[in-house]
Amino acid sequence: AQSVTQLGSHVSVSEGALVLLRCNYSSSVPPYLFWYVQYPNQGLQLLLKYTSAATLVKGINGFEAEFKKSETSFHLTKPSAHMSDAAEYFCAVSVRGSQGNLIFGKGTKLSVKP
Amino acid sequence: DARVTQTPRHKVTEMGQEVTMRCQPILGHNTVFWYRQTMMQGLELLAYFRNRAPLDDSGMPKDRFSAEMPDATLATLKIQPSEPRDSAVYFCASGLAQGAALYEQYFGPGTRLTVT
């Protein structure tokens, strides 16, 4: 069965600092991997996705993630945090051929201090 | 721009009442998902449809929940009777699947349900 683990339910960084949100997955077959962002009282918005092309994936708002098969990881990074990045971030896995069924991690709430 | 819409955005009801949530997927999308989000369980998939046919509803309590797609522009999630433990935010998402591949789901703003 597939699963996703996000380390740290809450991460706090200073404005301008590096953002690193961790995600590890478990899948018996090559997965598709996603990061979504949720702002307060809104739905989820796709940040980026890995679907077996380049292992370093660039997304919106300056975020990127690297797929590391040996570490079963897909960590999300951004070089310099902005106040507007404060939100909850979800990592998700979808198994090829699963008709798009997403398994989500528990989420990491990112706070950005001025 | 194209968006998934959900109604109502907020619903407060008493235990035992019927609740119906509606979703309009993005025009042209052939796959619709229903998720539930709670603090304790996070995001859970309840059911999803492809070309209006249910593909999987194993995440849904069968005795009280039902999901349908009366037509391609409307998906409904019904709870009857509702219970306090059903209090959550319910999200609808849609996407375009090509073969077995579906790379992106677009989420609606959610329906916040409170059952007292």
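Up top is the structure these notes are about.
Notes on the structure in this doc start here.

**Describing the overall build of chain A**
Okay, so step 1: The helix and strand inventory of chain A stands at 0 helices and 11 strands.
Okay, so step 2: Helices (α) and strands (β) of chain A occur, in sequence order from the N terminus, as β-β-β-β-β-β-β-β-β-β-β.
Okay, so step 3: In summary, chain A has a C-alpha radius of gyration of 13 Å against a globular reference of 13 Å for 114 residues, a match within 12%.
Okay, so step 4: Summarising its shape, the C-alpha atoms of chain A cover approximately 45 × 30 × 20 Å along the three principal directions.
Okay, so step 5: Burial status across chain A gives 46% buried among its 114 residues.
Okay, so step 6: Sequence separation of at least 24 residues holds for 56% of the intrachain contacts in chain A that already meet a minimum separation of 6.
Okay, so step 7: Element-wise, carbon and sulfur atoms account for 52% of the exposed surface of chain A, whose accessible area totals about 5,300 Å².
Okay, so step 8: Of note, chain A has its 10 positive side-chain charges centred 6 Å away from the centre of its 6 negative side-chain charges.

**Examining the state of the cysteines**
Okay, so step 1: If you walk through the whole model with that rule in mind, you get 2 disulfides over all chains.
Okay, so step 2: Paired by a disulfide, Cys23 of chain A and Cys91 of chain A hold their sulfur atoms 2.0 Å apart. An S-S torsion of about -65 degrees defines the bridge between Cys23 of chain A and Cys91 of chain A as left-handed. With Cys23 of chain A in strand E3 (residues 19-26) and Cys91 of chain A in strand E9 (residues 87-95), the pair connects residues that are 68 residues apart, well separated along the chain.
Okay, so step 3: Cys91 of chain A sits in the buried class, given a relative accessible area of 0%.
Okay, so step 4: Through a disulfide, Cys23 of chain B is tied to Cys92 of chain B; the S-S separation comes to 1.9 Å. Disulfide Cys23 of chain B-Cys92 of chain B: the torsion about the S-S bond is -60 degrees, which places it as left-handed. Taken together, the positions of Cys23 of chain B in strand E3 (residues 19-24) and Cys92 of chain B in strand E9 (residues 88-95) put the pair 69 residues apart, joining distant regions of the chain.
Okay, so step 5: Exposure remark for Cys92 of chain B: the relative accessible area of 0% places this residue in the buried category.

**So, the environment of Tyr32 of chain A**
All names here are of chain A.
Okay, so step 1: On the secondary structure map, Tyr32 appears in strand E4 (residues 31-38).
Okay, so step 2: The class of Tyr32 is buried, set by a relative accessible area of 9%.
Okay, so step 3: Residues Tyr32 and Leu76, 44 residues apart in the sequence, show an inter-C-alpha distance of 15 Å.

**With respect to the layout of surface pockets**
Okay, so step 1: By volume, the largest pocket amounts to about 680 Å³.
Okay, so step 2: Around the largest pocket, the lining comprises 27 residues; the ones closest to its centre are Gln38, Glu88 and Lys109 of chain A together with Gln37 and Met39 of chain B.
Okay, so step 3: At the level of secondary structure, the elements contributing two or more residues to the lining of the largest pocket comprise E9 of chain A together with strand E4 (31-38), E9 and strand E11 (111-115) of chain B.
Okay, so step 4: Residue classes in the lining of the largest pocket are distributed as 10 nonpolar, 12 polar and 5 charged.
Okay, so step 5: Roughly 440 Å³ of volume is contained in the second largest pocket.
Okay, so step 6: Residue lining of the second largest pocket: 18 residues in total, with Leu44 and Gln45 of chain A together with Arg3, Val4 and Phe107 of chain B positioned closest to the centre.
Okay, so step 7: Sorting the residues of the lining of the second largest pocket by element identifies strand E5 (44-50) of chain A together with strand E10 (106-107) of chain B as the ones contributing at least two each.

Definitions and limits used
Residues numbered from 1 in each chain as written. Chains lettered and ligands numbered in written order. Predicted model: local features only at pLDDT ≥ 70, side-chain atom pairs only at ≥ 80, totals over all residues. Heavy atoms only, no water. Helix = DSSP H or I, 4+ residues; strand = E, 2+ residues; numbered from the N terminus. Rg over C-alpha atoms; globule rule 2.2 N^0.38 Å. Buried < 20%, exposed > 50% of the residue type's maximum accessible area, 1.4 Å probe, protein only. Contact = heavy atoms within 4.5 Å. Areas by Shrake-Rupley, 256 points an atom, 1.4 Å probe, with all protein chains shown as cover. Lys, Arg positive; Asp, Glu negative; His and termini not counted. Charge placed at Lys NZ, Arg CZ, Asp CG, Glu CD. Disulfide = S-S within 2.5 Å. 1 Å grid on protein atoms, 1.4 Å probe; cavity = no way out; pocket = protein on both sides within 12 Å on 5 of 7 lines; lining within 4 Å. Points joined across faces, edges and corners; volume = space filled by probe spheres on them. Nonpolar A, V, L, I, M, F, W, Y, C, P; charged D, E, K, R; others polar.

Don't take any of this as a statement about function, it's just geometry.
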